[in-house]
Amino acid sequence: MVGGEEAMSLLAARGLVKRFGGLVAVNRVSLHVEAGEIVGLIGPNGAGKTTVFNLLSGFLRPDEGSVRLDGRELVGRRPFEICRLGLVRTFQIVRPFADLPVLRNVMVGAWARAAAAGTARAIAEECLAFVGLSDKGAVPARDLTISEQRRLEVARALATRPRLLLLDEVMAGLNPHEVEVMSDLLRQLVGRGITLLLIEHVMRAVMRTCHRVLVLHHGEKIADGPPAQVARDRQVIDAYLGEAALLA
Amino acid sequence: MLLLLGQAAVTGLLTGAVYALVAVGLTLIFGVMRVVNFAHGALLMLGMYAAYWFHVLLGVNPYLSLPVTFILLFALGAVIQRGLLQPILAAPQHNQLLLTLGVMLIIENLALFLWSPDFRTLRIGWLEGAIPLGALLLNKPRLIAFAGALVLTAALYLFLTFTELGRAIRATAQDRTGASLVGVNVTRINTLTFGLGAACAGVAGALITPYLYTAPQVGHVFLLYGFVVVVLGGLGSFTGALAGGLLIGIGESLGAALLPGSLKELVVYLIFILVLLFRPTGLFGVPHRG
Amino acid sequence: MGEAPAPVRALSAAPKIPLALGGLVLAALVLGAPLVATPYLLRILIMTFYGAYLAQSWNLVGGYAGQFSFGHATFFGLGAYATALLFAKGGITPWLGMLVGAILATGAGVFIGFLSFRYGLRGPYFALVTLAFAEVCRIAVTNWRALGGAMGVLIPLRQSLGTLQFSEPAAYYYIIVAMTAGISMLALVLERSRLGISMEAVREDVDAAEALGVDTTRTRLAAMGLSAFCTALAGTFYVQFFSYVDPHLAFGIDVSIAAILPNIIGGTGTVLGPLAGSAILVPLGEWMRAYLGGYRGVHLMVYGAILVVAIVFLPRGLVGAVRRWWGAKRP
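What you see is a predicted model, and the numbers here were worked out from it, not measured in a lab. (Residues numbered from 1 in each chain as written. Chains lettered and ligands numbered in written order. Predicted model: local features only at pLDDT ≥ 70, side-chain atom pairs only at ≥ 80, totals over all residues.)

With that settled, consider the overall build of chain C. Summing up its helical and strand segments, chain C has 15 helices and 2 strands in all. Relative to the globule expectation of 20 Å for 331 residues, the C-alpha radius of gyration of chain C, 20 Å, shows essentially globular dimensions. Its C-alpha atoms give chain C principal-axis dimensions of roughly 60 × 55 × 40 Å. Counting every position in chain C, which comprises 331 residues, the buried fraction comes to 56%. (Helix = DSSP H or I, 4+ residues; strand = E, 2+ residues; numbered from the N terminus. Rg over C-alpha atoms; globule rule 2.2 N^0.38 Å. Buried ≥ 20, exposed ≤ 12 C-beta atoms within 10 Å, placed from the backbone.)

This is how it looks when you write it as structure tokens:
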């Protein structure tokens, strides 16, 4: 089963199953992400996208299946360990440390790698600059706009020096201009050698940004390929039904 | 020995109904507002003094004061909720807990100031003695308290199940946002709930006045036992509180029969800790959203 | 709550010299107080610093790490009883007793924390389980005759440095001032450390912290252990100062409340909060006891009222309110 090609994948999940009571939320999902890729994870509401993220990042334990990062098994590890191994996720609903100043928010992530306060601070400042929030360092995170909070999430995750970043709808709630800014940011991330797996609802962004798209439906993977190919896939169009137009 | 244990179990069962009534009020408040009400014991204590003073000053049968106690405590609870608790419901949970703690300090020490720390007891001739049940004896005032507590608990249950308002309370407990979306006035439900919870505590207090001493700090034990029962039954669960109350009543009474000193309390707290740690959703497995 | 060093630094750049001067004056006042204070005033000062120390101990876990313990009496009582029993029954110096108590308390804190966090107890559940542990201790000690039972433990009077008993109240004063200064320094160091920042992250959002590589379980356990250790030392101080302890004084809910209250008034998760809170609450309480002592319960009633008012009107305590006012004043 394990082909030489897949063994090299940065991230390789096989046969993930997660049940909640009688409901099968994720059913035998296998996926792989190669270093340097931007992969989109899409699917209608309730398809199990966020559950997959939770399984990959250690917030949920799969009932079956395995997740490997660079060949190292992640199942059974706690989220903070997985983060330190290089896989970091953001949350669909932004979860800034509301009472802490922006810089301190990012320093939380920076400490995952840094050995001294000075280093942590330097990393945090650099990440803030990267997302364009340098002048907000002293502001409590709760006072940021939604777009700024999304960028703060990216900066925090970035500060942990990830190899693979799982972004859960970082575009949600942004206006078209802000979507542009964020898309730019994501491309720059890849330029820094970070691999991206993103859940996204803003289809235009997905189609333009991603190298490859995975489609989940009712907890199962129904398509996996370049955006243009997936957009023409009969099964995918059926799954989205009314939303099919968005894919064009 | 067996007779002794049987007697202890029966006495415990009778007391347990009162614990259940106390706990039902606590759990109702927690269920609807996610507030752990530290003032609950103090409210019970006020109910005790109400019954006491009604009897001593007006010569009224303490049980006749029950409706008045209910109304007074309901009003007090509603005022506390609307005036103090409602404005800070969005604050972190421990702020609400501390607020009720502050209210507890005020009420208890007001009682201390007004009525001194003296232990007061009611002596009512026709309540002396016990009713035999086979080889066991049923203490009259305890029996009445048991019946009264069960009746009020049942009435509350019927209210919550079969009336429009009761259903609104349960809907709010299940999903605040959803309830407000379908037109439930959540603020009013909060006030009503806290009033009902306070009234339950007050009536429980009035019911035990004829056989227990009345003092400003008497509520502590009931508060702590109330917490135990509520957690045992699952925070927010009505039937769980009822079952838990009876269970703790019997457990405490058996503990007292078998163990020296105040070690019976130790048993209660150990049960509490074990349940919190191993089944925080309660023995009866009612799911909660933390 | 939990301001970063950054904004404070920005603020203090200009008025650094007046600030340093103010600090010197304050230090001189604090250190010189026993020379001029009446015995009564000195006693109030001792109790104020003692209250501040106890509250700062709670603040480490309750404020910074956001784990709302309602049972710090457990740790306080372990410190007090270990010191008292070892000295009264075994003649062992409180210098050792205090260490034993602090280690026991740390163990208890980590144990309670481990059980609670492992089973995911948060918010009111954590508050209730810590409260229950303290009550278990109180009842157990009350019923345990070898530990003095309900009568408590009386410390034999033997004044010397080795027994940590002094004829001069000023000695106790300097000790508690040093303890308070020490724990406040600890809090300041913590604010700038990895552990401190992790604690704040855990307080704000456990899951988000975990996702960013924070070992949230270990962070909370460390906070519990540290806080318990410091709280136990408050118990030792209490025993040495009053020469007596009983189950209620050591493990009663009043102790837990005393550890929390100054934080709520002053502001949780800040170094100054518990200090400011205690500076208000303790003298006020003493004053009321002196002048309203004839009216039983009045001073506790006022405490309750202050608590209610503080929560409704100053949800972030005095420090938070001053910060907001200061922030609004700036452009």
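This part covers the overall build of chain A. Scanning chain A for helices and strands turns up 11 helices and 10 strands. In terms of overall dimensions, chain A is globule-like: its C-alpha atoms have a radius of gyration of 18 Å, near the 18 Å expected for 248 residues. Here the C-alpha coordinates of chain A stretch approximately 50 × 40 × 35 Å along the principal axes. When burial is assessed residue by residue, chain A has 50% of its 248 residues classed as buried. Long-range pairs, those at least 24 residues apart, make up 64% of the contacts in chain A between residues at least 6 apart in sequence. (Contact = placed C-beta atoms within 7 Å.)

This part takes up the interface of chain C and chain A. With 25 residues of chain C at the interface, the matching set in chain A holds 27 residues. Sorting the residues of the side of chain C that touches chain A by element identifies α1 (5-12), α8 (194-204) and α9 (206-211) of chain C as the ones contributing at least two each. Looking at the side of chain C that touches chain A element by element, the count peaks at 6 residues for α8(C).

Contact residues are listed per partner, giving 34 residues for chain C and 38 residues for chain B. Within the residue set of the side of chain C that touches chain B, elements represented by two or more residues are α6 (123-142) and α14 (298-313) of chain C. In terms of residues, the side of chain C that touches chain B owes the most to one element, α6(C), which gives 13 residues. Of the residues belonging to the side of chain C that touches chain B, the class tally is 26 nonpolar, 5 polar and 3 charged. (Nonpolar A, V, L, I, M, F, W, Y, C, P; charged D, E, K, R; others polar.)

On the secondary structure map, Pro87(B) appears in the loop between α3 (66-85) and α4 (93-115). Through-space distance from the C-alpha of Pro87(B) to that of Asn61(B) is 39 Å; in sequence the pair is 26 residues apart.

With that settled, consider the sheet that holds strand β6 (residues 87-89) of chain A. For sheets, the rule is that strands pair by backbone hydrogen bonds, running either parallel or antiparallel. All names here are of chain A. Strand order in the open sheet formed by 6 strands is β6-β7-β8-β3-β9-β10, and the pairing between neighbours is mixed. Looking at the sheet topology across the chains shown, the edges are occupied by β6 and β10 (220-225). The mean angle between the axes of side-by-side strands here comes to 15°, regardless of whether they run parallel or antiparallel. Sheet topology note: the strand β3 (residues 38-42)/strand β9 (residues 212-217) ladder contains 4 bridges and is parallel. Note on β9: the bridge partner recorded for Ile-42 is Val-215. Taken strand by strand, helix α2 (residues 49-57) contacts β3, β6, β7 (164-168), β8 (195-199) and β9, and its axis lies near 150° from that of β7. (Pairing = 2+ DSSP bridges. Axes fitted to C-alpha atoms, helices over the stretch in contact; angles between N-to-C directions.)

This paragraph deals with unusual backbone geometry. All names here are of chain A. With a phi close to 45°, Arg-28 is a non-glycine residue in the positive phi region. In this fold, Arg-28 is placed in strand β2 (residues 23-33). Notably, Asp-70 is not glycine yet its phi reads approximately 55°, a positive angle.

Residues and elements named next belong to chain A. Pairing is antiparallel across the open sheet formed by 4 strands, whose spatial order is β2-β1-β4-β5. Edge positions in the sheet fall to β2 and β5 (72-73), since each of these pairs with one other strand and no more. Pairing of strand β4 (residues 64-69) with β5 involves 2 bridges; the strand directions are antiparallel. In the sheet register, Arg-68 faces β5, and the bridge partner there is Glu-73.

Between its first and last C-alpha, helix α7 (residues 169-191) of chain C extends 33 Å over 23 residues, near the 33 Å set by a 1.5 Å rise per residue. Within α7(C), the full set of buried residues consists of Tyr172(C), Tyr173(C), Ile176(C), Val177(C), Met179(C), Thr180(C), Ile183(C), Ala187(C), Leu190(C) and Glu191(C). (Expected span 1.5 Å × (residues − 1).)

As a further point, take helix α11 (residues 263-278) of chain B. Over its 16 residues, α11(B) extends 23 Å from the first C-alpha to the last, a length consistent with the 22 Å expected when each residue adds 1.5 Å. Looking at α11(B), one finds that the buried residues are Glu265(B), Leu266(B), Val268(B), Tyr269(B), Ile271(B), Phe272(B), Ile273(B), Val275(B) and Leu276(B). Where α11(B) is buried, its residues meet α9 (219-233) and α10 (238-258) of chain B together with α6 of chain C.

This brings us to the packing of helix α1 (residues 2-33) of chain B against α9(B). Residues and elements named next belong to chain B. Relative to each other, α1 and α9 sit at 70°, their axes nearing to 8 Å. Relative to α9, the element α1 is oriented roughly perpendicular. In this structure, the crossing between α1 and α9 has a hand that is right-handed. For the pair α1 and α9, the contacting residues are Tyr-19, Ala-20, Val-22, Ala-23, Leu-26, Thr-27 and Phe-30 in the first and Phe-222, Tyr-225, Gly-226, Val-229, Val-230 and Gly-233 in the second. Partitioning the contact of α1 with α9 into residue classes produces 10 nonpolar, 3 polar and no charged. (Parallel < 35°, antiparallel > 145°, perpendicular 65-115°, else oblique. Left-handed = near helix turned anticlockwise from the far one by under 90°.)

With that out of the way, let us pick up the confidence of the model for chain C. All names here are of chain C. Averaged over all residues, the pLDDT of chain C is 89; the fraction at 70 or higher stands at 94%. A low-confidence stretch, residues 1-13 stays under pLDDT 50, and its non-local contacts, those more than four residues away or across chains, total 29 contacts. Note on the complex model: pTM 0.89, ipTM 0.89. (pLDDT = per-residue confidence, 0-100.)

What follows deals with the pairing of strand β1 (residues 11-20) of chain A. On a regular strand, each side chain points to the face opposite its neighbour's, so the side chains alternate between the two faces of the sheet. Residues and elements named next belong to chain A. Bridge count between β1 and β4: 5 bridges; the pairing is antiparallel. When the bridges of β4 are listed, Ala-12 appears paired with Arg-68. Here β1 pairs with β2 via 7 bridges, running antiparallel. Bridging from a neighbouring strand, Lys-18 pairs with Val-26 of β2. The loop that links β1 with its antiparallel partner β2 comprises 2 residues; one of these, Gly-21, has a positive phi angle of about 60°.

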